[in-house]
Amino acid sequence: VRTVQFYRGTDPFSYPILYLGDDTKLKLEFDILQPAESRTPDYWIEVVSCDHDWTPSGLLPLEFIEGFSSDRMYDYTPSQNTLLPYIHYRYEFPAEGSSFKKSGNYLLKVFRSGDENDLLLTRRLVVADHKIGVEPLIGQSRMAADRRRLQRVDFNLQLTHQFPGIF
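Quantities reported herein were computed from a predicted structural model and do not represent experimental measurements. (Residues numbered from 1 in each chain as written. Predicted model: local features only at pLDDT ≥ 70, side-chain atom pairs only at ≥ 80, totals over all residues. Heavy atoms only, no water.)

### Points about the pattern of salt bridges
Okay, step 1: The final tally for this structure, using the stated rule, is seven salt bridges.
Okay, step 2: In this structure, aspartate 22 engages arginine 8 in a salt bridge whose closest nitrogen and oxygen atoms are separated by 2.8 Å. Of the two residues, aspartate 22 is situated in the loop between strand S2 (17-19) and strand S3 (26-33) and arginine 8 in strand S1 (residues 2-8); the sequence distance between them amounts to 14 residues.
Okay, step 3: Judged by relative accessible area, which is 34%, aspartate 22 ranks as partly exposed.
Okay, step 4: According to the relative accessible area criterion, arginine 8 is buried, its value standing at 19%.
Okay, step 5: In this structure, glutamate 66 engages lysine 101 in a salt bridge whose closest nitrogen and oxygen atoms are separated by 3.9 Å. On the criterion of sequence distance, the pair formed by glutamate 66 in strand S5 (residues 65-66) and lysine 101 in the loop between strand S9 (99-100) and strand S10 (104-112) is long-range, its members being 35 residues apart.
Okay, step 6: Exposure remark for glutamate 66: the relative accessible area of 44% places this residue in the partly exposed category. (Salt bridge = Lys/Arg side-chain N within 4 Å of Asp/Glu carboxyl O. Helix = DSSP H or I, 4+ residues; strand = E, 2+ residues; numbered from the N terminus. Buried < 20%, exposed > 50% of the residue type's maximum accessible area, 1.4 Å probe, protein only.)

### A closer look at the packing of aromatic side chains
Okay, step 1: Following the criterion strictly, the structure yields seven aromatic pairs and no others.
Okay, step 2: An angle of 90° between the planes, with centres 5.0 Å apart, marks the rings of tyrosine 43 and tyrosine 89 as edge-to-face. Of this pair, tyrosine 43 sits in strand S4 (residues 43-50) while tyrosine 89 sits in strand S8 (residues 86-93); the two residues are 46 residues apart in sequence, bridging distant segments of the chain. In terms of burial, tyrosine 43 and tyrosine 89 fall into one category: buried.
Okay, step 3: Each ring, one from phenylalanine 100 and one from tyrosine 106, has its centre 4.7 Å from the other, and the planes form 50°; the classification is tilted. The same class applies to phenylalanine 100 as to tyrosine 106, namely buried.
Okay, step 4: An aromatic cluster of at least three residues, connected via ring pairs, comprises Phe30, Tyr43, Tyr76 and Tyr89. (Phe/Tyr/Trp six-rings, centres within 6.5 Å; stacked < 30°, edge-to-face > 60°.)

Here it is in structure tokens:
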């Protein structure tokens, strides 16, 4: 396995993070180096809910995702006219018709031919819920003696959801 990329939307340098209620997808891309005469194996994707320390949480898929928690990878392209033959795989996550119900840490697993014990790679992703917007405000220190070496950072917090019983 070579050149694994896992990113948000169209920015290959972004962190793999999804937001509840947002339609943006994550993209997983990787290359499998193999001889040209071998057949193309099937690869499957599965998502697992994790705790804060990235250990599996034990939640059932129907508790954290709407739709399917596993899927087969269909989008691949064999190399052409290269010295080292490879197959480039692409997958958009979550699959069409699937969405997350809960925010948290998740682990995306890729395994061969439907066998979960034949693990090819794993990638971490985060699902977040926009509840508070944070806007930093940077200014000069209020103390005249410190203005050349210190700065002041204030934060403006905006609630994006209405919470019953608060405010």
